[in-house]
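What the coordinates show
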Amino acid sequence: MAQLTRSLAIAWASDGIRVNALAPGWIATDLTAALTQNSERSAELVGRTPMGRWGKPDDLAGPALFLASPGANFITGVLLPLDGGYSSR
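Fair warning: this is a prediction, and the values are worked out from it, not measured in the lab. Just so you know, the residues in each chain are numbered from 1, in the order the chain's sequence is written. The predicted origin of the model limits local features to residues at a pLDDT of at least 70 and limits the giving and counting of side-chain atom pairs to 80 or more, whereas totals for whole chains, interfaces and linings rest on all residues. No hydrogens and no water enter the side-chain calculation; it runs on all heavy atoms of the structure.

It is worth spelling out the environment of Pro81 at this point. With respect to the helices and strands, Pro81 occurs in strand 2 (residues 79-82). For Pro81, a relative accessible area of 43% corresponds to the partly exposed category. Between the C-alpha atom of Pro81 and that of Pro63, which follows or precedes it by 18 residues, the distance is 9.9 Å. Setting aside its immediate chain neighbours within four residues, Pro81 contacts Ala23 and Ser87. By definition, any uninterrupted DSSP run of H or I lasting at least four residues is a helix, any uninterrupted run of E lasting at least two residues is a strand, and each is numbered from the N terminus. Working definition: with a 1.4 Å probe on protein chains only, accessible area under 20% of the residue-type maximum means buried, over 50% means exposed, and in between means partly exposed. We call two residues contacting when some pair of their heavy atoms lies within 4.5 Å.

Spelled out as C-alpha cells, the structure:
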C-alpha cells in the first residue's frame, strides 16, 4: 500500500491530484469483535499499543478530513499510520 500510494502520488502530481493513504491499526469494529471480546488477546494488543486502547472508527475521521482538505494541499505520497503508536514499537 505504501509503495502504491507513493507511485500514484508521483504519477498524478502534475495533474494536481494528491494521493495519500491511512493505515489504521487495531480498530474496534464488527470485524474485530471476536478479538475485542477475547480478554487475553485484547489485553495483549492493548498492552502493545502505547496509547493503551483500541482505536475507534471516529479516530480515522479527523486525519481523513485533513488529508482531503485544502490544508493538506502540499501533502502527497503519505501513508499515515493511525494505530495509537502500535507500529512504533
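Basic side-chain nitrogens of Lys or Arg form a salt bridge, by our definition, when they fall within 4 Å of a carboxyl oxygen of Asp or Glu. Under the counting rule described, the total for this entry stands at 2 salt bridges. Its salt-bridge partner being Arg41, residue Glu44 comes within 2.7 Å of it at the nearest N-O pair. Within this pair, Glu44 and its partner Arg41 are both found in helix 3 (residues 39-48), separated by 3 residues, close to a single helical turn. Judged by its relative accessible area of 48%, Glu44 is partly exposed. Relative accessible area serves as the criterion here: at 28%, Arg41 is assigned to the partly exposed category. For Asp59, the salt bridge identified is with Arg53, shortest N-O distance 2.9 Å. Looking at Asp59, the relative accessible area reads 27%, which means it is partly exposed. Assessed through its relative accessible area of 36%, Arg53 is described here as partly exposed.

Treat this as a map of the structure, not an account of what it does.
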